[in-house]
Amino acid sequence: SLSFHENWQKVWRNPTPQKRYDVIIIGGGGHGLATAYYLAKEHGITNVAVLEKGHLGGGNICRNTTIVRSNYLWDESAALYEHSMKLWEGLSQELNYNQMFSQRGVYHTCHTLQDLRTNERLANANRLQGVDNEMVYGDQLQREIPALDCSKDARYPVLGASVQRRGGNARHDAVAWGYARAADSLGVDLIQNCEVIDMEISDGKITGVKTRNHGVIKADRVGCVTAGNSGVMAKMAGFELPVESHPLQALVSEPIKPFLDTVVMSNHVHGYMSQSDKGDLVIGAGIDGWVGYGQRGSYSVIEHTIQAIVELFPCTSRVRMNRQWGGIVDTCPDASPILSATPVRNLFFNCGWGTGGFKGTPGSGNLFAHQLAHGTPHPIAEPFALSRFYTGALVDEHGAAGVAH
Ligand code: FAD
Ligand code: PYC
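My aim in this report is to walk through the structure given alongside it, one point at a time. (Residues numbered from 1 in each chain as written. Chains lettered and ligands numbered in written order. Predicted model: local features only at pLDDT ≥ 70, side-chain atom pairs only at ≥ 80, totals over all residues. Heavy atoms only, no water.)

## Things to note about the packing of aromatic side chains
Considering all chains together, one arrives at nine aromatic pairs under this definition. Note on Tyr37 and Tyr38: the rings are 4.9 Å apart at their centroids and 65 degrees apart in plane angle, and the pair reads as edge-to-face. With respect to class, Tyr37 is no different from Tyr38; both count as buried. The exposure class assigned to Tyr37 is buried, which follows from its relative accessible area of 4%. Three or more aromatic residues link up through ring pairs in this structure, and these residues are Tyr37, Tyr38 and Tyr179. (Phe/Tyr/Trp six-rings, centres within 6.5 Å; stacked < 30°, edge-to-face > 60°. Buried < 20%, exposed > 50% of the residue type's maximum accessible area, 1.4 Å probe, protein only.)

The structure is reproduced here in structure tokens:
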């Protein structure tokens, strides 16, 4: 059926890497590609290569459940995620690529008094920060989400929910491909199948990277944006990161008629769900309790997650599941990301986004590009430096992470 579609124009070039670049970005996921785009677009730095060990967008950017929101607790996080949300709101136009960004609302259901208090506090904090978030209860919640079991005799009755109405979801591969196409058209070299296997460091300063199949490539500055592999990359550079890499699993069902036009997350029974435009139910779990690098699903996680989903939406009990998978997320002790200089001069890391980096993609790329261009952090990124793990100025967002760590 594709025989009449030959000779299509390539969406990006497939260049042979140069011997040297002004900036090398390791990792062609959402954040790496966004960083390359903003470096070229906003800072005029186009002698840039993105080195990706597999294919562009084969990592978490295309394995996530696409939830976008900015309802985090602390001012530092609200500034970070709201910066990203504002970029999301103009991204289809900016990249001339339909991101299918759908602000259909994200609900966090509350099943205990403590759950309610936590969410009410969050909603109040967000409103003071200028971020939309509100509480809905009882009949209003039932009207807004007819399929949600709001009955009093549910095993874990739903007492109310917070909702960020500007939250929602987007099409994950459109994000990767949109940034890739735009970065390529500004002159960035996107090098696929190019694994970085070592760092070239001299007198405490990075001078380039060693790759598996293209030898050493020199650079003035290197940004490492490798999500679940960040600990491995830091080891190559001779230091340790306070991150743990865990599998995070998700699954989708067979397509069914539209019945859910919003995103529902429950921290208490622990599961979350939205319905895609194709009709599949997109369902996710908490992180696996063990560390690992296996990008796979497992039966026990499916079973627990489906129990939670059926508890919330009894009408889904006979829907068949189609696919399951895992991605490796790098989690920090405070469930906040790291955008930072490192002990190696001119080597910067952007990692630790854990279970929540999809929503952060545009903001992360935008702020990290600033840091790579200037050598100093953008004011919004300052609180997310590695130094917080020495000073103790952590940005604890476990309560707002939405996914159990
Ligand atoms: P990736 O796409 O993983 O990019 C990193 C890239 O680095 C990869 O392509 C990898 O191949 C490459 N790389 C690694 N090592 C090397 C090397 N040595 N040399 C060259 N390249 C290398 N977040 C949300 O906000 N909302 C959600 O709903 C959500 N759901 C999720 C559900 C699941 C199942 C998972 C796994 C994650 C979810 N996340 C969510 C988190 C989000 O996907 C990640 O935080 C985010 O995608 C990470 O940034 P990235 O896109 O750049 O990562
Ligand atoms: O950060 O909102 C989130 C999220 C949902 C599912 C995984 N992460």
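## Observations concerning the side chain of Asp280
Following the sequence through the fold, Asp280 ends up in the loop between strand E14 (271-275) and strand E15 (281-287). Exposure remark for Asp280: the relative accessible area of 7% places this residue in the buried category. Discounting chain neighbours no more than four positions away, the residues touching Asp280 are Val252, Ser253, Glu254, Pro255, Ser274 and Gln275. (Helix = DSSP H or I, 4+ residues; strand = E, 2+ residues; numbered from the N terminus. Contact = heavy atoms within 4.5 Å.)

## Things to note about the site of ligand 2
Taken together, the residues surrounding ligand 2 are Thr65, Ile67, Arg69, Tyr72, Met265, Tyr272, Thr355, Gly356, Lys359, Ala401 and Val403. At a separation of 2.7 Å, an oxygen atom of ligand 2 approaches a polar side-chain atom of Arg69. Side-chain polar atom of Lys359 to an oxygen atom of ligand 2: 2.4 Å apart, as the coordinates give it. Burial of ligand 2 by the protein amounts to 95% of the accessible area it has alone, namely 240 Å². Class assignment for the residues of the shell around ligand 2 results in six nonpolar, three polar and two charged. (Near = heavy atom within 4 Å. Polar contact = N/O pair within 3.5 Å; in protein donor to acceptor, adjacent residues only side chain to side chain. Areas by Shrake-Rupley, 256 points an atom, 1.4 Å probe, with all protein chains shown as cover. Nonpolar A, V, L, I, M, F, W, Y, C, P; charged D, E, K, R; others polar.)

## Some thoughts on the environment of Gln371
Along the chain, Gln371 falls in helix H8 (residues 357-374). Under the relative-accessibility criterion, Gln371 is labelled buried at 2%. Counting along the chain gives 336 residues from Gln371 to Thr35, while the straight-line C-alpha distance between them is 9.9 Å. Apart from the residues lying within four places of it in its own chain, the contact partners of Gln371 are Leu339, Ser340, Ala341, Phe348, Thr376 and Pro377.

## Structural notes on the nonpolar core
Ranked by internal contacts, the top residues of the largest apolar core, which has 50 residues, are Ile25 and Tyr179. For this core, the elements supplying multiple residues, two or more each, are strand E1 (20-26), helix H1 (30-43), strand E2 (48-51), helix H2 (75-95), helix H3 (113-129), helix H5 (172-185) and H8. If sequence neighbours within four positions are ignored, Ile25 has contacts with Gly32, Thr35, Ala36, Leu39, Val48, Ala49, Val50, Leu51, Gly223, Val225 and Leu372. Counting 28 residues, the second largest nonpolar core, distinct from the first, contains Tyr21, Ile191, Leu347 and Leu386. (Core = buried A, V, L, I, M, F, W, Y, C linked by side-chain atoms within 4.5 Å.)

None of the figures reported here should be taken as evidence of function without further support.
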